[in-house]
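# A structural walkthrough
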Amino acid sequence: MVQTSAPGKVILFGEHAVVYGESAIALAVSLRFRMRVETRTSNRARSHRVDGRRVDTGHHAYFAHALAANWTGAPLEMRTRSEIPSASGMGSSAALAVSLLGALTELGGGSIEGEGARERIARAAFETEYSVQGRASPTDTSTAAFGQGVLLAKQAMPGLLMHVQRGAAEWYVHSIKVPRLNIVVGYTGEKSGTADMVGKVRKAYERSAFIRDTVKEIGKVTMEGLTALEREDVARLGELMDRNHQLLYNLGVSHPKLDRLVAAARPYSHGAKLTGKGGGGSMVAITDEPEEVARAIKAAGGEPYIAKIGAPGVSRDGD
Ligand code: MEV
């Protein structure tokens, strides 16, 4: 039996545009997806089970794909527990895929701490997300696998972890220093599917030069955000987050509730934007007054999380 966990994430800059090879910056947060996996001992057991239910591609798409591609052993009994609200834009599906692949590594006789193991887990989890969603970037899965802070860029820079290529898009995945920031996440309570949101942007991207320019502009804002992070210039960082929110709004992935929570947080924040896929889901603010921001988000109908950033990546937990 093994127990593993992996962190959720917030994206500070670059969601959606990163699917087209632009840059993105994500931070692992202290909310984790946890699972317990063991092989089913009964001779009659034929199928994998999650929380007592047989794994099927409809209900458990991420489990079904990850297991089909990465496990040839006996049927598995899996129990899950998540602190990350599902479909909230905080990376619960990536954390699920990564903690499952971590468990498979350990059950197969390997170790998550072994040489190259995190990279293999990150790559396999990216393949899982890609096949379930039809399109994806390695942002969420690398953040869940490596933890701390992650930068995806168009070229190799200091802190390089791995290079990933998929069709016309390629990404250099780096580890970056976790900034000293107070972050508040506001969940709208509106669930949205990543595949739907990524598909919506893809249709617009194929049709519209304005959308393609917007995607490029998000990439530029992300690289300016990286400079502001390195200089610990929170005022500039905030301005760039506000700009990134406007660009995501122009892409068509915001939601009236997200705009409301962003507006409510701004008077107490350096900057605020939607985070993750949008269409509902969550927003993130950076602030010196986390309690005030949390209160404002709550008053505007959202669910606030004062998130600790810079959590460790996938880990084997105590048995
Ligand atoms: C979702 O957290 C981030 C997106 O950019 C999709 C992806 O990168 O795979 C919307």
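Residues numbered from 1 in each chain as written. Predicted model: local features only at pLDDT ≥ 70, side-chain atom pairs only at ≥ 80, totals over all residues. Heavy atoms only, no water.

Regarding its fold elements, the protein chain presents 9 helices and 13 strands. Its C-alpha atoms give the protein chain a radius of gyration of 19 Å, near enough to 20 Å, the size a compact globule of 319 residues would have. Here the C-alpha coordinates of the protein chain stretch approximately 60 × 40 × 35 Å along the principal axes. Burial statistics for the protein chain: of 319 residues in total, 57% are counted as buried. Of the contacts formed within the protein chain by residues at least 6 apart in sequence, a portion of 73% connects residues at least 24 apart. (Helix = DSSP H or I, 4+ residues; strand = E, 2+ residues; numbered from the N terminus. Rg over C-alpha atoms; globule rule 2.2 N^0.38 Å. Buried < 20%, exposed > 50% of the residue type's maximum accessible area, 1.4 Å probe, protein only. Contact = heavy atoms within 4.5 Å.)

Bringing the packing of aromatic side chains into the picture now. This model, assessed by the stated rule, comprises 3 aromatic pairs. Centroid distance F126 to Y130: 5.7 Å. Interplanar angle 75 degrees. Geometry classified as edge-to-face. Of this pair, F126 and Y130 both sit in helix α3 (residues 117–133), 4 residues apart, which is roughly one turn of that helix. Summarising the aromatic geometry, the rings of F126 and W171 are spaced 5.8 Å apart at their centres and angled 80 degrees between planes, so their arrangement reads as edge-to-face. In this pair, F126 sits in helix α3 while W171 sits in strand β8 (residues 169–176), placing the two residues 45 residues apart along the sequence. Note on F126: relative accessible area 2%, which makes it buried. Owing to a relative accessible area of 1%, W171 belongs among the buried residues under this scheme. An aromatic cluster of three or more residues is present, and its members are F126, Y130 and W171. Above the plane of the ring of Y130 lies R166, whose end atom (NZ or CZ) is 3.9 Å from the centre. (Phe/Tyr/Trp six-rings, centres within 6.5 Å; stacked < 30°, edge-to-face > 60°. Lys NZ or Arg CZ within 6 Å of the ring centre and 35° of its normal.)

All right, on to the site of the ligand then. Surveying the vicinity of the ligand reveals the residues K9, I11, E15, H16, V18, V19, A136, S137, D140, V198, G276 and K277. Within the side chain of K9, a nitrogen or oxygen atom sits 2.9 Å from an oxygen atom of the ligand. Here D140 contributes a side-chain N or O atom positioned 2.7 Å from an oxygen atom of the ligand. For the ligand, whose unbound accessible area comes to 300 Å², protein coverage reaches 98%. Among the residues forming the shell around the ligand, the class breakdown is 5 nonpolar, 3 polar and 4 charged. Residue contributions to the shell around the ligand reach at least three from each of two domains, namely domain 1 (2–179) and domain 2 (183–307). (Near = heavy atom within 4 Å. Polar contact = N/O pair within 3.5 Å; in protein donor to acceptor, adjacent residues only side chain to side chain. Areas by Shrake-Rupley, 256 points an atom, 1.4 Å probe, with all protein chains shown as cover. Nonpolar A, V, L, I, M, F, W, Y, C, P; charged D, E, K, R; others polar. Domains from an automatic or database assignment.)

So, about the packing of helix α5 (residues 194–207) against helix α6 (residues 209–230). Contact pair α5 / α6: the axes reach a minimum separation of 5 Å and the direction vectors enclose 115 degrees. For the element pair α5 / α6, the angle class is roughly perpendicular. Crossing hand, α5 versus α6: left-handed. Counted together, A204, Y205, E206 and R207 of α5 and A209, I211, R212 and V215 of α6 form the full contact between these two elements. Looking at the contact of α5 with α6 residue by residue, the class counts come to 5 nonpolar, no polar and 3 charged. (Axes fitted to C-alpha atoms, helices over the stretch in contact; angles between N-to-C directions. Parallel < 35°, antiparallel > 145°, perpendicular 65-115°, else oblique. Left-handed = near helix turned anticlockwise from the far one by under 90°.)

Tracing the backbone shows A296 in helix α9 (residues 290–299). For the pair A296 and M283, spaced 13 residues apart in sequence, the C-alpha separation works out to 13 Å. Not counting residues within four places of it along the chain, the set of residues in contact with A296 comprises A264 and Y268.

According to the domain assignment, the protein chain contains domain 1 (2–179) and domain 2 (183–307). Each of domain 1 and domain 2 has a C-alpha centre, and the two are 23 Å apart. Facing 33 residues of domain 1, the contacting portion of domain 2 comprises 42 residues. Carbon and sulfur atoms make up 70% of the area that domain 1 and domain 2 hide from each other, which totals about 3000 Å². On the domain 1 side of the interface with domain 2, the three residues burying the most area are F13, H16 and Y20, jointly 24% of the side's total. Salt-bridge contacts for E232 lead to K177; the nearest nitrogen and oxygen are separated by 3.9 Å. Run the count over domain 1 and domain 2 and you get 12 residue pairs in polar contact (both at pLDDT 80 or more). Of all the secondary-structure elements, those providing two or more residues to the side of domain 1 that touches domain 2 are β1 (2–13) and β2 (24–39). Among the elements that line the side of domain 1 that touches domain 2, the one with the most residues is β2, at 6 residues. Its residues assigned to classes, the side of domain 1 that touches domain 2 comprises 19 nonpolar, 9 polar and 5 charged. (Buried area = accessible area lost by both parts, 1.4 Å probe. Salt bridge = Lys/Arg side-chain N within 4 Å of Asp/Glu carboxyl O.)

Another point: the pairing of strand β6 (residues 149–153). Of all 5 residues that make up β6, 5 are buried, and the element is covered over most of its length. Of the two faces of β6, the one holding G149, L151 and A153 and the one holding V150 and L152 are both buried throughout. With 4 bridges connecting them, β2 and β6 associate as antiparallel partners. By the bridge assignment, A26 is partnered in β6 with V150. (Pairing = 2+ DSSP bridges.)

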